[in-house]
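Topology and contacts: notes
Chain residues, written in single-letter form:
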Amino acid sequence: MNQTEIDDSGMGPQDPTDPAAFQHPDPTLCPECEGSGVLGSGETCPVCEGTGKAIGRTGGG
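Below, the structure is looked at part by part. Since we're looking at a predicted model, the values are computed, not measured. (Residues numbered from 1 in each chain as written. Predicted model: local features only at pLDDT ≥ 70, side-chain atom pairs only at ≥ 80, totals over all residues. Heavy atoms only, no water.)

For the protein, the helix and strand inventory stands at zero helices and zero strands. The buried share among the 61 residues of the protein stands at 11%. Within the protein, contacts between residues at least 6 apart in sequence are counted, and of these 17% link residues at least 24 apart. Carbon and sulfur atoms provide 51% of the accessible area of the protein, an area that totals close to 5,300 Å². (Helix = DSSP H or I, 4+ residues; strand = E, 2+ residues; numbered from the N terminus. Buried < 20%, exposed > 50% of the residue type's maximum accessible area, 1.4 Å probe, protein only. Contact = heavy atoms within 4.5 Å. Areas by Shrake-Rupley, 256 points an atom, 1.4 Å probe, with all protein chains shown as cover.)

Given a relative accessible area of 8%, Cys-33 falls into the buried group. Between the C-alpha atom of Cys-33 and that of Lys-53, which follows or precedes it by 20 residues, the distance is 9.2 Å. In contact with Cys-33, other than residues within four places in its own chain, are Val-38, Cys-45, Cys-48 and Gly-52.

Time to look at the state of the cysteines. According to the stated counting rule, one finds zero disulfides in the structure shown. Free cysteine Cys-33: the closest other cysteine sulfur is in Cys-48, separated by 3.7 Å. (Disulfide = S-S within 2.5 Å.)

In structure tokens:
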């Protein structure tokens, strides 16, 4: 590898059988419903309004 090349060998998809791969949730999914769009009770997710996508809201007080 040359000095000007970028080492991207570790940047590929993680091994799905690796338990550590599940410790980092997908940032594109809603953190409340985890991308399903509905809560466990069957209600539409109030955070993403049923889209399942992260909308950039953050909690706070």
